[in-house]
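Coordinates in review
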Amino acid sequence: MGGPGPGPRHPADQNRPGTAPGGIYLCGHSAGAHLVAMTLCTDWTEYKVIPDIKGALLVSGVYDLLPIIDTYVNDALKMSQEVALKNSPMQYGRHMNAGTCQVVIAVAEHDSPEFHRQSQQYFQSLMESGLDVSYVLVDGTDHFNVIEKLSQEAYGLTQLILKMILKH
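Please read these numbers as outputs of a predicted model, since none were measured by experiment.

Structural notes on the overall build of the chain
If you tally the helices and strands in the chain, you get six helices and four strands. Tracing the chain from N to C terminus, the helices and strands come up as β-α-β-α-α-β-α-β-α-α. Counting every position in the chain, which comprises 168 residues, the buried fraction comes to 36%. Within the chain, counting contacts between residues at least 6 apart in sequence, those at least 24 apart form 71% of the total. Counting every atom, the chain has about 10100 Å² of accessible surface; 57% of that belongs to carbon and sulfur.

Some thoughts on the sheet that holds strand S2 (residues 53-59)
The sheet built from four strands is open, its strands ordered S1-S2-S3-S4 with parallel pairing. Strands at the two margins of the open sheet, each flanked by one partner only, are strand S1 (24-29) and strand S4 (132-138). Pairwise comparison of adjacent strand axes, ignoring direction, gives a mean angle of 15° for this sheet. Looking at chain direction, strand S3 (residues 102-108) and S4 are connected through seven bridges and run parallel. Paired with Ile 105 across the bridge in S4 is Tyr 135.

Section: the confidence of the model for the chain
When pLDDT is averaged across the chain, the result is 86; 84% of the residues are at 70 or more. Predicted confidence for residues 1-15 stays below pLDDT 50, and this span has six contacts to residues more than four positions away or in other chains.

Details of the nonpolar core
Counting 17 residues, the largest nonpolar core has Leu 40, Leu 58, Tyr 63, Val 103, Ile 105, Tyr 122 and Leu 126 as its most contacted members. Counting residues per element, the ones that place at least two in this core are helix H1 (31-40), S2, S3 and helix H4 (113-128). When residues of this core are assigned to their parent elements, the largest contribution, four residues, is made by H1. One finds Val 59, Ala 106, Leu 157 and Met 164 within the second-largest nonpolar core, a separate group that totals 10 residues.

A few points about the environment of Ser 119
Locating Ser 119 in the fold gives a position in helix H4. Overall, Ser 119 belongs to the buried group, its relative accessible area being 0%. Note: C-alpha distance between Ser 119 and Ala 106 (13 residues apart in sequence) is 7.4 Å. Within polar-contact distance, the side chain of Ser 119 engages the backbone oxygen of Phe 115 at 2.9 Å.

Calculation rules
Residues numbered from 1 in each chain as written. Predicted model: local features only at pLDDT ≥ 70, side-chain atom pairs only at ≥ 80, totals over all residues. Heavy atoms only, no water. Helix = DSSP H or I, 4+ residues; strand = E, 2+ residues; numbered from the N terminus. Buried < 20%, exposed > 50% of the residue type's maximum accessible area, 1.4 Å probe, protein only. Contact = heavy atoms within 4.5 Å. Areas by Shrake-Rupley, 256 points an atom, 1.4 Å probe, with all protein chains shown as cover. Pairing = 2+ DSSP bridges. Axes fitted to C-alpha atoms, helices over the stretch in contact; angles between N-to-C directions. pLDDT = per-residue confidence, 0-100. Core = buried A, V, L, I, M, F, W, Y, C linked by side-chain atoms within 4.5 Å. Polar contact = N/O pair within 3.5 Å; in protein donor to acceptor, adjacent residues only side chain to side chain.

So this is what it looks like as structure tokens:
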């Protein structure tokens, strides 16, 4: 095991520039973006919890499960139309209340037309709900290297995440 972590922050540090802010920041890619989107549209008061989600980066996500029903992917899932609708974040976007959470919908330039369609439509529905949301087309990337590059400090999405965190 490694040494002790940084420990709790002193309250006086909360507003000092360069200190890590509180709250939760979520990032998901593909099916992971679906999970982040479902997290954002969950009514947490039902569970007597109010998560302090400050920001979310959803990359090349699956927001509409209906197109999956007629593909080989559904052979294992056996999803009905009802289940697909219930678990499609696209159905909840216009009614979502994610508070002051900043949401970024990103899609790889060379993703399939379906990923582009879903990302654009989900972005639109979040805008219509009044959320702080932006859309980013990540030039020169495909469905896989769009997320693999997050380990590179100079990568645009890495910088976007850092700005999002330091903004709060």
